[in-house]
Amino acid sequence: MTVTIVGSQLGDEGKGGIVDVYGEAADVVVRYQGGDNAGHTVVHEGEKYKLSLVPSGAVRGKVGVLGNGCVVNPETLFSELDTLREQGLTPDVRVAERAHAILPYHRVLDGIEEAEKEDLAAGTTGRGIGPTYEDKAGRRGVRIGDLLDPEVLRERLEYVVPQKRALVENVFGHDPDDEQFEGAFDIDALYEQYREYGERLADNGMAVNASAFLAAQREAGKNVMFEGAQGTSLDIDHGSYPYVTSSNPTAGGAAVGGGVGPTVVGQGEIVGIVKGYLSRVGTGPMPTELGFVEGQTPEDGGDTSDEAEELAKFIRDEGGEYGTVTGRPRRVGWLDMPMLRHAANVNGFTGLAVNHLDVLAGLDEVQVGHSYTLDTTEQSSASNQNATRSDDGEEILTMPATTEKWARCEANLRTFDGWADPDWTEVAAEGYDALPENAKAYLEYIADELETPIYVVGVGPGREDTVIVESVWD
Ligand code: GDP
Ligand code: IMO
Ligand code: MG
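Residues numbered from 1 in each chain as written. Chains lettered and ligands numbered in written order. Predicted model: local features only at pLDDT ≥ 70, side-chain atom pairs only at ≥ 80, totals over all residues. Heavy atoms only, no water.

**Student:** Where do I start with the site of ligand 1 in this structure?
**Tutor:** Taken together, 17 residues form the shell around ligand 1, and within it K15, G39, T41, H356 and D358 come nearest. In the environment of ligand 1, an oxygen atom lies 2.9 Å from a nitrogen or oxygen atom belonging to the backbone of G14. Taken by itself ligand 1 offers 580 Å² of open surface, and the protein chains cover 89% of this. At the level of secondary structure, the elements contributing two or more residues to the shell around ligand 1 comprise α1 (15-23), β3 (40-44) and α13 (357-360). (Near = heavy atom within 4 Å. Polar contact = N/O pair within 3.5 Å; in protein donor to acceptor, adjacent residues only side chain to side chain. Areas by Shrake-Rupley, 256 points an atom, 1.4 Å probe, with all protein chains shown as cover. Helix = DSSP H or I, 4+ residues; strand = E, 2+ residues; numbered from the N terminus.)

**Student:** Can you walk me through the packing of aromatic side chains in this structure?
**Tutor:** For any pair of aromatic rings, geometry is given as the distance between the ring centres together with the angle between the planes. This model, assessed by the stated rule, comprises 7 aromatic pairs. With centroids separated by 5.0 Å and ring planes inclined at 90°, the aromatic side chains of Y194 and Y197 adopt a geometry described as edge-to-face. Of this pair, Y194 and Y197 both sit in helix α7 (residues 187-203), 3 residues apart, roughly one helical turn. The exposure class assigned to Y194 is buried, which follows from its relative accessible area of 2%. Three or more aromatic residues joined by ring pairs form one cluster here, namely F416, W419, Y442 and Y445. Directly above the aromatic system of Y191 lies the positively charged group of R154, at a separation of 4.9 Å from the ring centroid. (Phe/Tyr/Trp six-rings, centres within 6.5 Å; stacked < 30°, edge-to-face > 60°. Buried < 20%, exposed > 50% of the residue type's maximum accessible area, 1.4 Å probe, protein only. Lys NZ or Arg CZ within 6 Å of the ring centre and 35° of its normal.)

**Student:** Got a minute to help me understand the nonpolar core in this structure?
**Tutor:** Judged by nonpolar contacts, the single largest core of 104 residues is most densely connected at L77, Y105 and Y442. Counting 16 residues, the second largest nonpolar core, distinct from the first, contains V3, I5, Y22 and V29. (Core = buried A, V, L, I, M, F, W, Y, C linked by side-chain atoms within 4.5 Å.)

**Student:** I tried to follow the packing of helix α6 (residues 150-171) against α7 on my own but got confused; where do I start?
**Tutor:** For any two helices packed against each other, the geometry comes down to the angle between their axes and how far apart the axes lie. In the contact formed by α6 and α7, the axes pass within 10 Å of each other and the chain directions differ by 145°. In this structure, α6 crosses over α7, and the sense of that crossing is right-handed. The residues of α7 that touch α6, namely those facing P150, L153, R154, L157, E158, V161 and P162, are I187, D188, L190, Y191, Y194 and R195. (Axes fitted to C-alpha atoms, helices over the stretch in contact; angles between N-to-C directions. Left-handed = near helix turned anticlockwise from the far one by under 90°. Contact = heavy atoms within 4.5 Å.)

**Student:** Can you help me understand the side chain of T297 in this one?
**Tutor:** Turning to its location among the elements, T297 is positioned in the loop between β13 (289-290) and α11 (306-319). At a separation of 2.8 Å, a polar atom in the side chain of T297 contacts the main-chain amide nitrogen of V293. Not counting chain neighbours up to four residues away, the residues in contact with T297 comprise E289, F292, G302 and R331.

**Student:** How should helix α12 (residues 337-347) be read in this particular structure?
**Tutor:** α12 sits mainly inside the fold: 9 of its 11 residues count as buried. Those residues of α12 not exposed but buried are M337, P338, M339, L340, R341, H342, A343, A344 and N347. Regarding α12, its N-cap is D336, as a side-chain oxygen of that residue lies 3.0 Å from the backbone nitrogen of M339 further along. Backbone geometry just downstream of α12 places G348 in the positive-phi region, at approximately 60°.

**Student:** Please explain the domain arrangement of the protein chain as it appears in this structure.
**Tutor:** The parts lose accessible area when they come together, and the size of an interface is often stated as this lost area. The domain architecture assigned to the protein chain consists of domain 1 (2-95 + 206-273), domain 2 (101-201) and domain 3 (278-468). Its C-alpha centre places domain 1 at a distance of 24 Å from the equivalent point of domain 2. Both faces considered, domain 1 and domain 2 share a buried interface measuring about 1,900 Å² in area, 62% of it formed by carbon and sulfur atoms. Sorting the residues of domain 1 by area buried against domain 2 places V71, P74 and F78 first, and these three jointly supply 28% of that buried surface. With a closest N to O distance of 3.3 Å, R107 and D36 form a salt bridge. Across the contact surface, domain 1 and domain 2 share 8 residue pairs in polar contact (both at pLDDT 80 or more). Put simply, the parts of the chain that give the side of domain 1 that touches domain 2 at least two residues each are β6 (71-72) and α2 (74-86). (Domains from an automatic or database assignment. Buried area = accessible area lost by both parts, 1.4 Å probe. Salt bridge = Lys/Arg side-chain N within 4 Å of Asp/Glu carboxyl O.)

Listed below in structure tokens is the structure:
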């Protein structure tokens, strides 16, 4: 049996926490896409575990697998494993030989390309995710299996590194041997470093044929959980391109990137994780955005009225929506229903986990972007006008396919009465019926609109602050 956890918005919906809650009965937890761009939080016995690459199930002693769809930075992997060991855990993580390795030049190129892109920059995490997936699609990547075979590793590096050097030098005008790049374009240094990683992976029995490994696990009757990273609107196919990541966080990605058939994923539960409001790290449109964050909110985006700025501050403070490293405020806004309808459509959710209801507690009113109306007043070109005239003033219920059009969508808000701020742990212990009536009305609206039942309600960061309505394993 499988359960797939998918972010339904723009990441940071609380996927790690739900993997923890539902992972109790799982034997194996598989990441199927992305890399160390993720940041998944599990709060266990008061201790906070922040994982970027290791599957969240590792905190509870589950076998973790990084599937073929992942891009793996071995340095991050080993340092995260070391940290977990220092925290007293004994993580058991396997890595697909078919997964691609992130090399130092990918990180360097991520930074250089973002700087060049200006308005098209997504505000990436700088972890080299995009450049690594580019090399995968360009068939010049280095895979985890290659690290275990020094001859193949050397051959791959000798082919690809001169191309990267030429790119940096001739296209971007940098000296690849400049000190600031710390040997990222030096074949010998890369070979030595990555051969060592390969040895360490081999010595610890970590590199596996992941699809065969999972097939054997399933045959032995084990429960497998697929842990999505990022979210549907960051999906390279289904998200707000080009302000997206370079992989497929959507449910279909679990099959391709986990190395199992779509029937395997489809026979199990697919749980869409919903943050009760919306947050975004990085650039790109966000029609329900409250307030304005310098450097991330587009020039004509956000709502800069005093009231909206105040609400944004409230949500940020209550939800801890500040960068963990930089302390910079994150973009926040009301729940975006067209985004969620699109997510339900492309993922085929069987159930929803709606988190962070406690964050909204205490507000007199809670709003949602129920639908959009296309703003046609700012069209600049005739072609734009032709393309959109038919939508003029019409109510749009799902996210448009082009980001330009999405950027011109104005949210039609619906207002719900707010709810008080009870002792949420007590509420969680009592169950769904103990939730404030107005919070239930909000949840029921979401479930009705998405035609998907609520499986879990998150009212705080810990497992004990979670209302489980539906169990997923039976
Ligand atoms: P992920 O990337 O989807 O796993 O989410 P993150 O871990 O990046 O961000 C979610 C943050 O919200 C974490 O700090 C969680 O501990 C916290 N969190 C998760 N669910 C809830 C909830 O229901 N209420 C509150 N207040 N915090 C939550
Ligand atoms: P989790 O799994 C939120 C965003 C970045 C940027 C865009 C592309 O914790 O939900 P990338 O480095 O992937 O090329 O960046 O995607 N982004 C995330 N935002 N949560 C994440 O992961 C994210 N991973 C990437 O901010 O806008
Ligand atoms: Mg996160």
